[in-house]
Amino acid sequence: MNLPTYVKILDVGPRDGLQNEKANVATEHKARLVAMLQDAGLREIEVTSFVSPKWVPQMGDNVAVMAAIARQPGVRYSVLVPNLKGLDSALASRPDEILVFTAASEAFTQKNINCSIAESLERFAPVIEGAHAAGVKVRAALSCALGCPYEGDITADQVEAVVRPLRELGVDAIDIADTIGVGTPAKVQAAMERALKHFPTAEVSGHFHDTYGQALTNIYASMELSVNSFHASVAGLGGCPYAKGATGNVATEDVVFMLDGLGIETGIDLDRLVDAGAYISGVLGREPVSRAARALLARRAG
Ligand code: HMG
Ligand code: MG
């Protein structure tokens, strides 16, 4: 089995992790979290969203967060952009990459961005063009690629039906997103294979929420196909405001622990990552969801 020797981890904690928090998290805590993640060796961080603050109030301080982060050379900062209005303010904040987002399910697309899949693609065309004109890379997230909270099963054909036009629109990279964490390894590989038909391997990422405890297995299954780019959320923070009951992304600490054990390079210092997770969990007043972080913190305390 030829697993990758290096895996790139994008920490989505500051965005996907915090977007669902009901109580306002102060901008300074968000910026401090980004600082701690980059100090731990993360080279890709999803910082915030330029979505409507009426839809996701927690991300309403997007401009302030982007201004507050202490940028480090070699670290890439990405932000979510749903439409042209979002693009205008996002570009003023100088992200390295923007993320447009749609879904393999019609019902979820309606709930999440208030339009059909076809309308979302139409909306993205000028956003992609505008970002590229500004020299900014464009990633697309395909939510509900393994299942939908409203429609249930999603097939690989449905995945490819949206992956293909996204590539034709000029999107540079694609995230296969398991929004509600229902994917299992064979199904994940089938979805990944469809993405790999249209995008280079280096531009395909797995974005797995861990609701059913399948995310680490699904990362392993993706690595068997040579996929070596994954998203994770420090401390396992998160959930989606438009997918009831969905929990956070797989915890970054758990992913790094597994990859360290496999001898796969990530460039991430697990101890410092645990510090970042403990910090933000303290701000939120709870224990990290990450099993590895809890075990390592218990060992430190003992
Ligand atoms: P809409 O209501 O259809 O849009 O929402 P609209 O154009 O009619 O605008 C409504 C109001 O929002 C207007 O303000 C606009 O100006 C304003 P008003 O005139 O009422 O005062 N507005 C904006 N304000 C700031 N920034 C903007 C913006 N756009 C409009 N960009 C819209 C459509 C797409 C805006 C809305 O549905 C939205 O913001 N949705 C985002 C939902 C979201 O953030 N979901 C979570 C992120 S996706 C995710 O987590 C999944 C992912 O992790 C992968 C996975 O796990 O599946 C990526
Ligand atoms: Mg997500």
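What counts and what doesn't
Throughout, a residue's number is its position along its own chain's written sequence, starting from 1. All chains are assigned letters beginning at A, and all ligands numbers beginning at 1, according to the order in which they are written. Per-residue local features are limited, in this predicted model, to residues with pLDDT of at least 70; the limit for side-chain atom pairs, both in listing and counting, is 80 or more; totals at the level of whole chains, interfaces and linings are taken over all residues. Hydrogens and waters are ignored; side-chain quantities use all the structure's heavy atoms. Counted as coordinating are nitrogen, oxygen and sulfur atoms within 2.8 Å of the metal, or 3.2 Å for Na, K and Ca, while water is not included, which may make sites look incomplete. Helical segments are the DSSP runs of H or I of at least four residues, strand segments are the runs of E of at least two, and each set is numbered from the N terminus. Relative accessibility decides the category of a residue: with a 1.4 Å probe and only protein chains considered, values under 20% of the type maximum give buried, values over 50% give exposed, and everything between is partly exposed. Note on aromatic pairs: the rings of Phe, Tyr and Trp (six-membered ring only in Trp) are paired at centre separations within 6.5 Å, and the planes decide the class, stacked below 30 degrees, edge-to-face beyond 60, tilted for the rest. Only when the NZ of Lys or the CZ of Arg is both within 6 Å of the ring centre and within 35 degrees of the ring normal is a charge said to sit over the ring. Detection works on a 1 Å grid of protein atoms alone, calling trapped sets that fit a 1.4 Å probe cavities and calling open sets with protein on both sides within 12 Å along at least five of seven lines pockets, with lining residues defined by an atom within 4 Å of a point. Grid points are joined across faces, edges and corners, and a volume is the space filled by probe spheres set on the points. When residues are grouped by polarity, Ala, Val, Leu, Ile, Met, Phe, Trp, Tyr, Cys and Pro land in nonpolar, Asp, Glu, Lys and Arg in charged, and all others, Gly among them, in polar. To be near a molecule or strand, a residue needs just one of its heavy atoms within 4 Å of it. For this analysis, a polar contact is any N or O atom pair within 3.5 Å, provided that within protein one partner can donate a hydrogen and the other can accept it, and provided that sequence-adjacent residues contribute only side-chain to side-chain pairs. Reported accessibility uses the Shrake-Rupley method at a 1.4 Å probe radius. Residues are deemed covered only where the shown protein chains occlude them. Criterion for pocket placement: a molecule counts as inside a cavity or pocket if more than half of its atoms are within 2 Å of its grid points.

Asker: How should the coordination of the magnesium ion (ligand 2) be read in this particular structure?
Answerer: Four donors placed tetrahedrally around a metal ideally meet at 109.5 degrees, and six donors placed octahedrally ideally meet at 90 or 180 degrees. Summarising the metal site, the magnesium ion (ligand 2) is bound by the protein donors Asp 16 (OD), His 207 (NE2) and His 209 (NE2), whose distances to it range over 2.0 to 2.3 Å. Coordination of the magnesium ion (ligand 2) draws on donor residues from a single chain, spaced D-x190-H-x1-H in sequence. Taken together, the residues span a long stretch of sequence, with Asp 16 in helix H1 (residues 13-17) and His 209 in the loop between strand E7 (204-208) and helix H9 (215-223) at a distance of 193 residues. No difference in accessibility class separates Asp 16 from His 209, as the two residues are buried.

Asker: Can you walk me through the packing of aromatic side chains in this structure?
Answerer: Applying the stated criterion to the full structure yields zero aromatic pairs. The ring of Tyr 279 carries Arg 32 above its face, with NZ or CZ at 5.9 Å from the centroid. Taking the ring centre of Tyr 77 as reference, the NZ or CZ of Arg 71 above it sits at 5.8 Å.

Asker: Even after reading the chapter, I still don't get the layout of surface pockets, so can you show me in this structure?
Answerer: Where empty space is left can be seen by rolling a probe of water-molecule size over the atoms. As a volume, the largest pocket reaches approximately 650 Å³. Breaking the lining of the largest pocket down by element, the ones donating at least two residues are H1, strand E2 (44-49), helix H4 (84-92), strand E4 (97-103), helix H5 (106-113), strand E5 (137-143) and strand E6 (173-178). For the second largest pocket, the calculated volume is near 230 Å³. In this structure, the second largest pocket is lined by 15 residues; those nearest its centre are Asp 210, Ala 251, Asp 254, Val 289 and Arg 291. A breakdown of the residues in the lining of the second largest pocket according to their chemical character gives five nonpolar, seven polar and three charged.

Asker: Looking at this structure, how should I read the site of ligand 1?
Answerer: Neighbouring residues of ligand 1: 27 residues in total, closest Lys 54, Asn 112, Asn 114, Ser 143 and Thr 179. A distance of 3.3 Å is found between a nitrogen atom of ligand 1 and a backbone nitrogen or oxygen belonging to Val 51. Measuring from an oxygen atom of ligand 1, one finds a side-chain N or O atom of His 209 at 3.0 Å. Coverage of ligand 1 by the protein chains reaches 75% of its 1100 Å² of free accessible surface. Counting atoms within 2 Å of the grid points, the majority share of ligand 1 lands in the largest pocket. Among the secondary structure elements, those contributing two or more residues to the shell around ligand 1 are H1, H4, H5 and E5. Here the shell around ligand 1 is built from residues that sort into twelve nonpolar, ten polar and five charged.

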